[in-house]
Amino acid sequence: QVQLVESGGGLVQPGGSLRLSCAASGSIFSIYTMGWYRQAPGKQRELVATITGSGSTNYADSVKGRFTISRDNAKNTMYLQMNSLKPEDTAVYYCRRGTNTWGQGTQVTVSS
């Protein structure tokens, strides 16, 4: 049974930065593509960024140039560095392992 635990969310002003972490247990972390997704009120969950086991990355157009996804396989941890945050980035951010394993989410609120 795999467990994914997100942390690092919070309240930040527009233009600020946050770093989210996703710690995984119960799995061989390095073989899975990992991803960050987000869900804002009234909207469906959407892709933010993915990273393969070899380090190839993919980003939603809305976050390109502002967010950076990374992983430390030795620590079974994935990160999302979020810079130049905008109010429209406000959402619950979820970690995903492979295609069907999700964390509980961490709230990110960008507001002045």
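What you see as residue numbers is a count from 1 along each chain, following the sequence as written. Where local features are concerned, this predicted model is filtered to residues with pLDDT of at least 70; where side-chain atom pairs are given and counted, the filter is 80 or more; whole-chain, interface and lining totals use all residues. The side-chain figures draw on all heavy atoms in the structure; neither hydrogens nor water molecules are used.

Engineer: Can you help me understand the nonpolar core in this one?
Structural biologist: In globular proteins that are soluble, nonpolar side chains generally tend to be buried together. Here, nonpolar core refers to any group of buried Ala, Val, Leu, Ile, Met, Phe, Trp, Tyr and Cys residues whose side-chain atoms link them within 4.5 Å. Each residue is assigned to one of three classes by its accessible area relative to the maximum for its type, calculated with a 1.4 Å probe on protein chains only: buried under 20%, partly exposed between the two thresholds, exposed over 50%. Within the largest apolar cluster, 28 residues are counted, with the highest numbers of intra-cluster contacts made by Trp36, Met78, Leu80, Met82 and Tyr93. Looking at this core element by element, the count peaks at four residues for strand S3 (residues 18-25). Under the DSSP-based scheme used, a helix requires at least four consecutive residues in state H or I and a strand at least two consecutive residues in state E, with every element numbered from the N terminus.

Engineer: When you look at the sheet that holds strand S8 (residues 77-82) in this model, what are you seeing that I'm missing?
Structural biologist: Strand pairs in the sheet, formed through backbone hydrogen bonds, run parallel or antiparallel to each other. Each pair of strands is called paired provided DSSP finds at least two bridges between the two strands. Overall, antiparallel pairing links the four strands, which are arranged S1-S3-S8-S7 in an open sheet. A single partner strand is all that each edge strand has here, and the edge strands are strand S1 (3-7) and strand S7 (67-72). Across this sheet, the average inter-strand angle for adjacent strands is 15°, counted without regard to direction. Note: S7 against S8, six bridges, orientation antiparallel. Note on S8: the bridge partner recorded for Thr68 is Gln81. Geometry is summarised by axes, namely lines fitted to C-alpha atoms with helices restricted to the contacting stretch, and by angles between N-to-C directions that run from 0 to 180 degrees.

Engineer: Can you help me understand the state of the cysteines in this one?
Structural biologist: A covalent bond between the sulfur atoms of two cysteines is what we call a disulfide. Here, a disulfide means two cysteine sulfur atoms that sit within 2.5 Å of each other. Summed over the entire model, instances satisfying the criterion amount to one disulfide. Through a disulfide, Cys22 is tied to Cys95; the S-S separation comes to 1.9 Å. Residues Cys22 and Cys95 are joined by a disulfide whose S-S torsion is about -70°; by sign, that bridge is left-handed. One end of the pair, Cys22, is in strand S3; the other, Cys95, is in strand S9 (residues 91-97), with 73 residues separating them in the sequence. Of the residues examined, Cys22 reaches a relative accessible area of 0% and is grouped as buried. Given the relative accessible area of 0%, Cys95 is considered buried.

Engineer: Any chance you could explain the pairing of strand S5 (residues 46-51) here in plain terms?
Structural biologist: Look at any regular strand and the pattern is simple: side chains alternate between the two faces of the sheet. For strand S4 (residues 34-39) and S5, the ladder comprises five bridges, and the chain directions are antiparallel. Among the inter-strand pairings, Gly35 is bridged to a residue of S5, identified as Thr50. Where S5 and strand S6 (residues 57-59) come together, three bridges link them in antiparallel fashion. Considered in S6, the bridge of Ile51 is made with Thr57. Where S5 hands over to S6, the hairpin turn is made up of five residues, of which Gly55 adopts a positive phi near 100°.

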